[in-house]
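# Chains, contacts and geometry: an overview
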2 protein chains.
Amino acid sequence: MNDSIQAPSGQRGPQEHSIRHQIIEAAGEHFSHYGYGKTTVSDLAKAIGFSKAYIYKFFDSKQAIGEAICAQNLATMMAKVDHNVAGGSSATERLRRLFDTLTAATVEQFFEDRRLYDITAYSVAEKWPSSRDHDERLKALLEEIVRMGRESGEFERKTPIDELVRAILLAMQPFTNPLLLQYNLDLLPHGPREIVNLILRSLVP
Amino acid sequence: MNDSIQAPSGQRGPQEHSIRHQIIEAAGEHFSHYGYGKTTVSDLAKAIGFSKAYIYKFFDSKQAIGEAICAQNLATMMAKVDHNVAGGSSATERLRRLFDTLTAATVEQFFEDRRLYDITAYSVAEKWPSSRDHDERLKALLEEIVRMGRESGEFERKTPIDELVRAILLAMQPFTNPLLLQYNLDLLPHGPREIVNLILRSLVP
């Protein structure tokens, strides 16, 4: 797995600047109340009490601030996923835990922080770097689990691993992609479990 | 398979009335130009040259007209699906043809009649009866294919057929659901094919 953290795109100046964190926090609050789509950098500047020019010293656009929030949010989600997956004793168990945790985190965000969910959905629809980076991390984690299952004899070894990983992630989209989840809420909790069962049947050697 | 055609909801008066067809045709044209969301029944009445009251003799709301258009549209799609599926010599081939035809029809609509696609997406998001009816027909067709594959020995017989059919339809959502397809266009044509391959591996006896 690739653990390196890349500097989010659109950010300027030294990474470890406390003002940067202050802007991200305040923008997160503001987006939570007024929505990402409707807020401008001017609105944010007014709300935070900084000049627009000062905000532009750290972020080159509203999207750059949105991406920083998404990146933080996705990092928290991946930390939970990594933790839960690591506790699985077999590849089968790890695969189940991967999708249980991902679905639960997406659902939780939908119900508990709807505005944050909205930014995440936005980032997925617009294919922001934060979202593509998250996809890459997921792919790497799933590939690791499949390799483990192939070595232990739990999973088949014939299908090209790239194809297999792509297809599994696509099949889980209705519950792991925030854009799609909102239409499938009435299929929880059995929906994602039944797709995982299908995936595991497809992996039988 | 259930071939009965139910009277679309929200329609009034005798079914086989030529004025009804005239309204549906004209509304389809109007939605194509101005979009479903932005059009009111008053706009439609003006454009068609009927009074609003006269339109309400046949449909009790704008949604009822939209549903009639969607029902027509989905019936055309299902006729193609039924035709292509029937040409498959094995259950495996029929399953492939089912999803090839469905994906192709959804993609075609996206690129060739974007406004019609918009109404369909609307009907899926709002779970209109026309959309739920379509889901039921798809489910019945897929169940028929799975039963055929179980009888011929192509497919496994252990998994409850209801669960299996639900999971397969969910896994294909990224390409058969118009709301999701728009985000996955860059994964055509290999994306749907790879999910179908995964599904077929899961069905191995």
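Conventions and cut-offs
Residues numbered from 1 in each chain as written. Chains lettered and ligands numbered in written order. Predicted model: local features only at pLDDT ≥ 70, side-chain atom pairs only at ≥ 80, totals over all residues. Heavy atoms only, no water. Least-squares fit on C-alpha atoms with pLDDT ≥ 70 in both. Contact = heavy atoms within 4.5 Å. UniProt positions renumbered as here; feature names shortened; annotations may be inferred. Helix = DSSP H or I, 4+ residues; strand = E, 2+ residues; numbered from the N terminus. Core = buried A, V, L, I, M, F, W, Y, C linked by side-chain atoms within 4.5 Å. Buried < 20%, exposed > 50% of the residue type's maximum accessible area, 1.4 Å probe, protein only. Salt bridge = Lys/Arg side-chain N within 4 Å of Asp/Glu carboxyl O. Polar contact = N/O pair within 3.5 Å; in protein donor to acceptor, adjacent residues only side chain to side chain. Nonpolar A, V, L, I, M, F, W, Y, C, P; charged D, E, K, R; others polar. Domains from an automatic or database assignment. Buried area = accessible area lost by both parts, 1.4 Å probe.

Chain A has the name AcrR family transcriptional regulator in an unreviewed UniProt entry, where Caballeronia glathei is given as its organism.

Glancing now at the relation of the copies chain B and chain A. Structural alignment of chain B on chain A gives an RMSD of 0.0 Å, achieved by rotating through 180 degrees and translating 0.0 Å along the axis. What the superposition gives is, in effect, a two-fold axis relating one chain to the other. Of every C-alpha in chain B, the one belonging to S202 of chain B sits nearest the axis of rotation, 1.7 Å from it. Interface overlap between copies is the fraction of interface residues in one copy that are interface residues in the other; for chain B against chain A it reaches 100%, indicating a shared surface.

UniProt records the feature "domain: HTH tetR-type" (unreviewed entry) for residues 17-77 of chain A in the present numbering. For the annotated span residues 17-77 of chain A, helix accounts for 75% and strand for 0% of the residues, and the straight-line distance between the end C-alpha atoms is 24 Å.

Here is a general trend for soluble globular proteins: nonpolar side chains tend to be buried in one another's company. The biggest cluster of nonpolar side chains holds 74 residues, and the ones touching the most others in it are L98 and F99 of chain A together with L98 and F99 of chain B. The contact partners of F99 of chain A, leaving out residues within four places of it in the chain, are L142, I168, L169, M172, T176 and V196 of chain A.

Moving on to unusual backbone geometry. All names here are of chain A. At the junction of L188 and P189, the peptide bond is cis and its omega measures out at -5 degrees in the coordinates. The topology assignment puts P189 in the loop between α9 (178-181) and α10 (190-202). One non-glycine residue, K127, lies in the positive phi region at around 50 degrees. Its place among the elements puts K127 in the loop between α6 (114-125) and α7 (129-152). The class for K127 is partly exposed, based on a relative accessible area of 37%.

Bringing the UniProt feature "DNA-binding region" (unreviewed entry) in chain A into the picture now. Taken from the UniProt record, the annotation "DNA-binding region" (unreviewed entry) applies to residues 40-59 of chain A. Between the end C-alpha atoms of residues 40-59 of chain A the distance is 13 Å, and the span holds 65% helix and 0% strand.

The topology assignment puts E163 of chain A in helix α8 (residues 161-176). Look past the residues within four positions of E163 of chain A in its chain and what remains in contact with it is E194, N197 and R201 of chain B.

With that settled, consider the interface of chain B and chain A. How big an interface is tends to be reported as the loss of accessible area on association of its parts. Taken together, the contacts link 29 residues of chain B with 29 residues of chain A. At the boundary of chain B with chain A, the tally comes to 6 salt bridges. The shortest N-O distance in the salt bridge between E156 of chain A and R201 of chain B comes to 3.7 Å. If you look at where chain B meets chain A, you find 10 residue pairs in polar contact (both at pLDDT 80 or more). When residues of the side of chain B that touches chain A are traced back to their parent elements, those giving at least two are α8 (161-176), α9 (178-181) and α10 (190-202) of chain B. Here the side of chain B that touches chain A is built from residues that sort into 15 nonpolar, 7 polar and 7 charged.

Attention shifts here to the domain arrangement of chain A. Residue and element names in this part refer to chain A. Examined at the domain level, chain A breaks down into domain 1 (18-60) and domain 2 (66-202). Its C-alpha centre places domain 1 at a distance of 30 Å from the equivalent point of domain 2. The contact between domain 1 and domain 2 buries some 800 Å² in all, and 68% of this surface belongs to carbon and sulfur atoms. Here domain 1 is connected to domain 2 by 0 salt bridges. Counting the contacts that link domain 1 with domain 2 gives 0 residue pairs in polar contact (both at pLDDT 80 or more).

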